[in-house]
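Architecture and fold: a report
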Amino acid sequence: MEIVHVYTKLREEFGRQAIFSDRPAELLVDVLPDPSLGLQFIEKTPRDQALQACLDMSEHQVNTERFESDSCGINHVEGGWPKDVNPQEMEQTIRFRKKVEKDESYINSTLHLGSVMEHCNRQNNAVDIYQTYFEDEEEVEESLEPPSAKTINVFRDPNEVKRTVTSLSWHPDSGRKLAAAYSCLEFQKTSKDMSLDSYIWDVENPNRPEMTLKPASLLVCLEYNPKDSHTLVGGSYNGQIAYWDTRRGSQPVELSSVEQSHRDPVYKIIWLQSKTGTDAFSASTDGQVLWWDVRKLSEPTDRLVLDLGREGNLDRALGAISLEFEATMPTKFMVGTEQGTVVSCNRKAKTPAEKIVCTYDGHHGPVYALQRNPFFPKNFLTVGDWTARIWSEDIKESSIMWTKYQMSYLMDACWSPVRPSVFFTVKMDGVLDVWDILFKQNDPTLSLKVCDEALYSLRVQDNGRLVACGSQQGGATLLEICSGLSTLQKNEKSLLAAMFERETKREKILEARQREIRLKERSRSEQSREEEGGREEGEESPDQLIIRAENDFYSVVETELRKRREDEANEEKGVCEEKEMKNEVEASETSQ
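The sections below set out a description of the structure shown in this document. Position labels on residues start from 1 in each chain and follow its written sequence. Residues qualify for local features only when their pLDDT is at least 70, as the model is predicted, and side-chain atom pairs are given and counted only at 80 or more; totals for whole chains, interfaces and linings, by contrast, use all residues. Side-chain measures here rest on the full set of heavy atoms in the structure, leaving out hydrogens and waters.

Thoughts on the overall build of the protein
A helix here means a DSSP run of H or I that spans at least four residues, while a strand means a run of E at least two residues long, and both kinds are numbered starting from the N terminus. If you tally the helices and strands in the protein, you get five helices and 28 strands. Restricting the calculation to C-alpha atoms gives the radius of gyration, and the globule rule supplies 2.2 Å times the number of residues raised to the power 0.38. The C-alpha atoms of the protein give 42 Å as radius of gyration, which overshoots the globular expectation for 592 residues (25 Å, by more than 25%). Its C-alpha atoms give the protein principal-axis dimensions of about 170 × 105 × 65 Å. Across the protein, every contact between residues at least 6 apart in sequence was considered, and the portion connecting residues at least 24 apart equals 51%. Accessible area for the protein stands at about 40,200 Å²; split by element, carbon and sulfur atoms hold 50% of it. We treat Lys and Arg as the positive residues and Asp and Glu as the negative residues; His and chain ends play no part in the count. A charge is said to be at NZ when it belongs to Lys, at CZ for Arg, at CG for Asp and at CD for Glu. Distance between charge centres in the protein, computed from 73 positive and 103 negative side chains, equals 6 Å. Any pair of residues with heavy atoms lying within 4.5 Å of one another is described as a contacting pair. Note on areas: these come from Shrake-Rupley sampling with a 1.4 Å probe, and a residue is covered only by the protein chains present in the view.

Next comes the structure, spelled out in structure tokens:
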């Protein structure tokens, strides 16, 4: 039975029609000033009078107990069906609905509820609750405020033995939850009292974690599934991969076997874009990249050894410490290594040797962070040693842009998801740097001292407003960035595209020039080698030429010294003769 209610409104209830016409202005009344009215007022000189009739205020401090709240969730499912009706069967549900609709009590209750709904409908028609005000007005540009950030919350490790926050991951849907992986990366420094737990925090409740994850070993990395917000995957210190479903408790649902897992800590794990939404791949310092299906973690689905010799030799493999995967390039991925090299790979290559495409060398230490620009995927950001570098896929010899060498080691970095020219870096001195390369390239736009200990991890929320930084002593600091650094600016994409293109062209010119210089040096060295091979036997060697030149030099010096001594002797002899002649003249004059 369908409920239909037609409600009408008479034309007269709309009000009288307004008719407007254009006509010139006309003067209706002109009131002139009347000076005589001023005699009714008495002018007084203004004066200030101090009063002491204000209320006395006092301030008192009271220590009260902290109120702790718990967040509880309920899973709602379709119910109300009798036991003999299967809700999954379409025919049974249709048959039961028809039976109920013929019932008199059902009709009466529906008519009663219909009047209530009619009242609500009339309210909605009277007032448009979805009306958008000031829709047609132009947006006023915000005033240029100085870049700033403020601390919102700090989530501290609840255990006595503090551990480093090695990885952070935002909840993909609401961004109201933050998953943090806690681990001790110093070899053999783990104590017996150290907890293995990692936590999921509610950003509004820093007092107690919302959920505890209990892995078999300390978690080094942790990632939310972008397709299913209830599932997470993590990489452990002992090389195992763990998979959680938050609806099924704190224990992992699946855990990879030790024999089929990594041999070193899993420093990075990333979800892949697939139809099932259950595929991920991980990287470790054992030199392997492994692909997994989290529904069955007994063994990896694929494997790649990072041997640049393309022989698959695990002993010569480069240790992987960071990963990058862009959904728009499903066959490509990049790996940052301990040796400072970024390896570009192609997963769909036919042979293992062809999977390693090329390398980018530019850092003196491990590449701790690696991420493509969300707006320009051909350009990617790396962090290693004391610099952050921006690369172009087309230039393999050098990065196209880089920061100055900082005083402290850089540990992590990431691009802003909303502003293509902004990226964030964290350092060992506890400072968060925000760079806007359109504004200035040599120095960060904003430097903020987050804490007094080293910062190891960094993650930006999808709206670009909230930034989480993980520290060495287990503190995860949540900061809010000002709107100027988290709102897309006018013409920003086109300006940054032009900048990247200009820097790429510059590096290509320099690369061609260096290649030309190397070719000239090679040809010159080959030419000199040919001349040495064609030299006659009687010709002196370079060493003999040097000895002969030294002998000639010393002989010239001795000749000059000898000549100088002879000149000095001749001068002395001339002086003596002149004195003798003078004496003879004086003697003759006295005799006369």
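Section: the sheet that holds strand 21 (residues 401-402)
The strands that make up a sheet pair up through hydrogen bonds in the backbone, lying either parallel or antiparallel. For two strands to pair, DSSP has to find at least two bridges joining them. Reading across from one edge, 18-19-20-21 is the order of the four strands in this open sheet, with antiparallel pairing throughout. Of all strands in the sheet, those with a lone pairing partner are strand 18 (367-372) and strand 21, marking the two edges. Pairing of strand 19 (residues 379-384) with strand 20 (residues 387-392), which is carried by six bridges, proceeds in the antiparallel orientation. Within the sheet, the bridge partner assigned to F380 lies in strand 20 and is W391.

Points about the pattern of salt bridges
For side chains of opposite charge, pairing can occur when their charged atoms come near one another. A pair is scored as a salt bridge if a Lys or Arg side-chain nitrogen falls within 4 Å of a carboxyl oxygen belonging to Asp or Glu. Tallied over the entire structure, the rule returns 29 salt bridges. With its nearest N and O atoms 2.9 Å apart, the salt bridge here joins D436 to R419. Linking D436 in strand 24 (residues 431-436) with R419 in the loop between strand 22 (410-415) and strand 23 (422-427), this pair joins segments that are 17 residues apart in sequence. One exposure class covers both D436 and R419, and it is buried. What you see here is one network of salt bridges that share partners, running through R502, E503, R506 and E507. Remark: exposure states derive from per-residue accessible area (1.4 Å probe, protein chains only) relative to the maximum for the residue type, with buried under 20%, exposed over 50%, and partly exposed in between.

Looking at the nonpolar core
The tendency in soluble globular proteins is for nonpolar side chains to be buried side by side. Here, the term nonpolar core denotes a set of buried Ala, Val, Leu, Ile, Met, Phe, Trp, Tyr and Cys residues that are joined through side-chain atoms within 4.5 Å. In terms of nonpolar packing, the biggest core is built from 19 residues, with F424, L432, L458, V467 and C469 touching the most fellow members. Among the secondary structure elements, those contributing two or more residues to this core are strand 23, strand 24, strand 26 (455-460), strand 27 (466-471) and strand 28 (475-481). Leave out the neighbours within four places in its chain, and F424 touches D412, A413, C414, S416, L432, D433, V434, L458, V460, V467 and I481. With 18 residues, the next largest nonpolar core counts I400, M401, W415 and F423 among its residues.

Re the side chain of S217
Note that S217 resides in the loop between strand 5 (211-213) and strand 6 (219-224). Assessed through its relative accessible area of 11%, S217 is described here as buried. There is a polar contact of 3.4 Å between the side chain of S217 and the backbone nitrogen of N238. Every residue in contact with S217, bar those within four places of it in the chain, is listed here: L196, S236, Y237 and N238. By the criterion applied in these results, polar contacts are pairs of N or O atoms within 3.5 Å in which, for protein atoms, one can donate a hydrogen and the other can accept it, and in which residues neighboring in sequence qualify only through two side-chain atoms.

Structural notes on unusual backbone geometry
When glycine is set aside, most residues are seen to have a negative phi, and most peptide bonds are trans. Even without being glycine, D385 reaches a positive phi, approximately 50°. Within the fold, D385 resides in the loop between strand 19 and strand 20. Located in the positive-phi region is N491, a residue other than glycine, with phi close to 60°. Relative to the elements of secondary structure, N491 occurs in the loop between strand 28 and helix 4 (492-533).

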